[in-house]
Amino acid sequence: MKTRIIIIAILVIVVIAFIADGIYILDETEQSIITQFGDPVGEPVIKAGMHFKIPFIQKVFVFDKRLLEWDGAPQEIPTKDNKFIHIDTFARWRISNALTFYKSLKNEMTAHSRLDDLLDGVVRDEIANHRLPEIIRSSDRQMSILEVEAVGVDSSRIDDLSIKGARKKISESIVKHVQDKLKELDLGIEVIDMKFKRIDYNPEVQEKVFDRMVSGQKRIAEKYRAIGQGKKQDILGKQDQRKKEILSKAYLEAQTIRGKADAKAIKIYADAYNKNYESRDFYNFMRTLNAYKFAMDTTTVLLLTTDNDFLKYLKSPK
Amino acid sequence: MAWKKVKIGNSEFEVSSTHYWLAILGAIALIVVITLLMSFYTVNANERGIVLRFGRYHTTTDPGLRWKIPWGVDKVYKVKVDYQYKEEFGFRTLRSGVKTQYSRNQFTDESWMLTGDLNIADVKWIVQYRIDDPINFLFRVRDQGGTIRDVAEAAMRFVVGDRSFHEVLQTERREIAEVMKDFMQETLDKYNIGIKIQLVQLKDVHPPGRVRDSFNEVNRAKQEQETAINEASQVYNREIYRAEGEAKRVVQEARGYAINRTNRAEGDAKLFTSVFEEYLKAKDVTRRRLYLETLEDVMSKVDKKYFIDKDLKGIVPFLNLSGTEVVK
């Protein structure tokens, strides 16, 4: 009886093990293939849910179904116009056919290294085929550029910025190229998108650009200062002119007033003194006498002869 | 049955039989309680529960206390659908609050980018987004966060790359944010990531590191220009107001002179006329009187007077005295 119980228990365990190994669950993010003695059998299982397989004989390999990341290592590439730039790209890809993916690549790591080779190569080709402004710009939109800020990478020359930008076209063309190649290679993966994450100058060029920007700004600063000084001088000059104008006008008016007054005074005097011979004579007499008073003081030395009218009685009363 | 068997022992076996049943009941109760506990889950107010049954999407549940099949049959992901997520580029907030603290680290890798005229600008920005479709968000893209950041950086550089340095710094900030938002949304829709971009906002946009000083110098130069003009204007105003005052003074002085001059002339004329009228009445006497009075006055003032006989001309031969009354 004891052995029967043991046999039954073993049977139950075996059945449970068979059922457990015959069932597998795929998540919404997963897909799988089934292999039998190492060889894949049947189509890839893509639908999420509970699935069955032959226990122990068949094995399940689960892969990701989602969009997967690929981040390129930044690389230095010369452009068509011989400028060295750092390019950092990213792409999104997915396992489009789990079966071929399993056969050709086995896992994501090998897939990544294949993508590295492919994408880096295509990116390099495309970049080397375009000039820097084409890579940076995406249209021929008219930009407003301050004259002093126009920059040449080597400070002597100003780059032609009028060429039509092709940033979007370049990345689209890269994606197209890679897609075609992947189809050709039949690796079971597809690239959905590729974009330039960062495009930078290499450090030496960057320093040159900074130098150029600094000197440009210094030029603007000097211009502002010079304009300020110029305007100051202009205002001061105007000030001087205006001041002289005001004062001279006042002088003109003042002299006119004085002149009129003097003229009027002359007329008044003339009217009074110039009535007839008598008045002229009297004026002459009075004015002369008055002048004596002011002409002589204590320091004056007077020498008079006796035929002077004033002294005529000094010698005789007659 | 089992308790009857164990009965063949001492008298205490009866009690242990009840314990035996209690233990079994307890074990069953424990399993039931654990099962119940595993069967319930809470979905918070701003969340949705995404239920997978045997790995496959089954249903979406609203906020509240919800039930599921336990023991690994149903799996629930909670997704914050009403939450505003924020990503920062070129800077990091350490602690937000009334006085938000930012990381001192520089993220120039993120923020330095080439402008369309081949200058370099330092752009910092934020992206706010919401999970629009939780199913797509959970199951279509691996590394959702990294994808959003990658796309945001690519989009910003794409938009800035088509604008001049001057436009990026000043005139086109709002437009850049808008174009960038559309570009991001378009790309993310292509990835089917289930995210809706709510807002792209440019924060600080600067000239990069060591160029910044020279830009500040331009601002200083602008200030200096203003100052120079203001100084000159001040001098102008001061000098012109003073000159205007001076001009008025000059004119008024002239008017004073005029009044003075004419009044005096008239006064003199009146005096003369009055005296002259009286003089005419007794000409000789008056004339003589006036003469003598004047001479008296003059003589009394002069200290040194020499009266010389007209016949003694030889005394002072160096003086020509003939006809001269006064010599100074």
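Parameters and conventions
Residues numbered from 1 in each chain as written. Chains lettered and ligands numbered in written order. Predicted model: local features only at pLDDT ≥ 70, side-chain atom pairs only at ≥ 80, totals over all residues. Helix = DSSP H or I, 4+ residues; strand = E, 2+ residues; numbered from the N terminus. Contact = placed C-beta atoms within 7 Å. Pairing = 2+ DSSP bridges. Axes fitted to C-alpha atoms, helices over the stretch in contact; angles between N-to-C directions. Expected span 1.5 Å × (residues − 1). Buried ≥ 20, exposed ≤ 12 C-beta atoms within 10 Å, placed from the backbone. Arc of directions from axis to C-beta. Nonpolar A, V, L, I, M, F, W, Y, C, P; charged D, E, K, R; others polar. pLDDT = per-residue confidence, 0-100. Core = buried A, V, L, I, M, F, W, Y, C linked by C-beta atoms within 7 Å. Parallel < 35°, antiparallel > 145°, perpendicular 65-115°, else oblique.

Student: Would you mind going over the environment of Leu 169 of chain B with me for this structure?
Tutor: All names here are of chain B. Topologically, Leu 169 is positioned in helix α6 (residues 165-171). A C-alpha to C-alpha distance of 8.7 Å links Leu 169 and Val 123, two positions 46 residues apart in sequence. Look past the residues within four positions of Leu 169 in its chain and what remains in contact with it is Ala 121 and Val 205.

Student: What is the right way to read the sheet that holds strand β5 (residues 74-80) of chain B from this model?
Tutor: Consider a sheet: its strands pair through backbone hydrogen bonds, and that pairing is either parallel or antiparallel. Residues and elements named next belong to chain B. Taking strand neighbours across the sheet as the criterion, the three strands line up as β3-β2-β5 in an open arrangement whose pairing is antiparallel. Edge positions in the sheet fall to β3 (56-61) and β5, since each of these pairs with one other strand and no more. Across the sheet, the mean angle separating the axes of adjacent strands is 25° when strand polarity is ignored. Pairing geometry for strand β2 (residues 47-53) and β3, over five bridges, is antiparallel. By the bridge assignment, Arg 53 is partnered in β3 with Arg 56.

Student: Please explain helix α5 (residues 167-185) of chain A as it appears in this structure.
Tutor: Since the α-helix packs 3.6 residues into each turn, any two residues three or four apart lie on the same face. Helix length check: α5 of chain A, at 19 residues, gives a terminal C-alpha distance of 27 Å against a target of 27 Å (1.5 Å per residue), a fit within 8%. Regarding α5 of chain A, the residues found buried are Arg 167, Ile 170, Ser 171, Ile 174 and Val 178 of chain A. An end-on view of α5 of chain A places all buried positions within 95° of arc, on one side of the element. Every exposed residue of α5 of chain A that faces more than 90 degrees away from the buried side is listed here: Asp 180, Lys 183 and Glu 184 of chain A. Elements in contact with the buried residues of α5 of chain A: α3 (108-128), α4 (132-136) and β9 (189-201) of chain A together with α5 (144-160) of chain B. Phi for Asp 186 of chain A, located one or two positions after α5 of chain A, is positive at around 55°.

Student: Can you help me understand helix α1 (residues 2-22) of chain A in this one?
Tutor: Compared with an ideal rise of 1.5 Å per residue, which puts 21 residues at 30 Å, α1 of chain A spans 30 Å between its outermost C-alpha atoms and is within 8% of the ideal. Burial of α1 of chain A is sparse: only zero of the 21 residues sit out of reach of the surface.

Student: Just to check I follow, could you spell out the interface of chain B and chain A for this structure?
Tutor: One frequently used descriptor of interface size is the decrease in accessible area upon assembly of the parts. Taken together, the contacts link 100 residues of chain B with 106 residues of chain A. Looking at the side of chain B that touches chain A, the elements that each hand over two or more residues are β3, β9 (112-114), α5, α6, α7 (173-191), α8 (212-281), α9 (283-301) and β12 (304-308) of chain B. Of the residues contributing to the side of chain B that touches chain A, the split by class is 49 nonpolar, 16 polar and 35 charged. The pairing of strand β10 (residues 301-305) of chain A with β12 of chain B spans five bridges and is classified as parallel. Counted as the bridge partner of Thr 305 of chain A is Ile 308 of chain B from β12 of chain B.

Student: Would you mind going over the confidence of the model for chain B with me for this structure?
Tutor: Low-confidence regions, as indicated by low pLDDT, have predicted coordinates that should not be scrutinised in detail. Residues and elements named next belong to chain B. For chain B, per-residue confidence averages 84 on the pLDDT scale, and 89% of positions sit at 70 or higher. Scored below 50 in pLDDT, residues 1-9 shows five contacts in the model against residues more than four places distant or in partner chains. With pLDDT under 50 throughout, residues 320-328 is counted as low confidence; its partners more than four residues away or in other chains account for eight contacts. Confidence metrics for the complex model read pTM 0.69 and ipTM 0.71.

Student: Before we go on, may I ask you to explain the sheet that holds strand β2 (residues 30-36) of chain A in this structure?
Tutor: Residue and element names in this part refer to chain A. Spatially, three strands are ordered β3-β2-β5 in an open sheet, and the strand pairing comes out antiparallel. Here the strands that pair on one side only, and so sit at the sheet edges, are β3 (39-45) and β5 (58-64). Within the sheet, the average angular offset between the axes of one strand and its neighbour, ignoring direction, is 25°. Pairing geometry for β2 and β5, over seven bridges, is antiparallel. Of the residues in β5, the one forming a bridge with Gln 36 is Gln 58.

Student: Would you mind showing me how to read the nonpolar core here?
Tutor: Soluble, globular proteins show a tendency: their nonpolar side chains are buried together. Counting 72 residues, the largest nonpolar core has Ala 155 and Met 156 of chain B as its most contacted members. Ranked by residues supplied to this core, first place goes to α5 of chain B with nine residues. Beyond its immediate chain neighbours, meaning those up to four positions away, Ala 155 of chain B contacts Met 180, Phe 183, Met 184 and Thr 187 of chain B. Within the second largest apolar cluster, 12 residues are counted, among which are Ala 265 and Ile 268 of chain A together with Ala 247 and Val 250 of chain B.

Student: Explain the packing of helix α7 (residues 277-295) of chain A against α8 of chain B to me, please; I cannot follow it from the model alone.
Tutor: For any two helices packed against each other, the geometry is given by the interaxial angle and the distance between the axes. Running from N to C, α7 of chain A and α8 of chain B cross one another at 110°; their axes reach a closest spacing of 11 Å. Overall, the two elements α7 of chain A and α8 of chain B adopt an arrangement that is roughly perpendicular. Contact residues: α7 of chain A offers Glu 278, Ser 279, Phe 282 and Tyr 283 of chain A, while α8 of chain B offers Phe 272, Phe 276, Tyr 279 and Leu 280 of chain B. Each residue belonging to the contact of α7 of chain A with α8 of chain B can be placed in one class, and the counts come to six nonpolar, one polar and one charged.

Student: I'm lost on the packing of α7 of chain A against α9 of chain B in this one. Help?
Tutor: At a minimum axis separation of 9 Å, α7 of chain A and α9 of chain B run at an interaxial angle of 10°. By the angle class used here, α7 of chain A and α9 of chain B are roughly parallel. Taken together, the residues of α9 of chain B that come into contact with α7 of chain A (itself represented by Phe 285, Leu 289, Tyr 292 and Lys 293 of chain A) are Arg 287, Leu 290, Tyr 291, Thr 294, Asp 297 and Val 298 of chain B. Its residues assigned to classes, the contact of α7 of chain A with α9 of chain B comprises six nonpolar, one polar and three charged.

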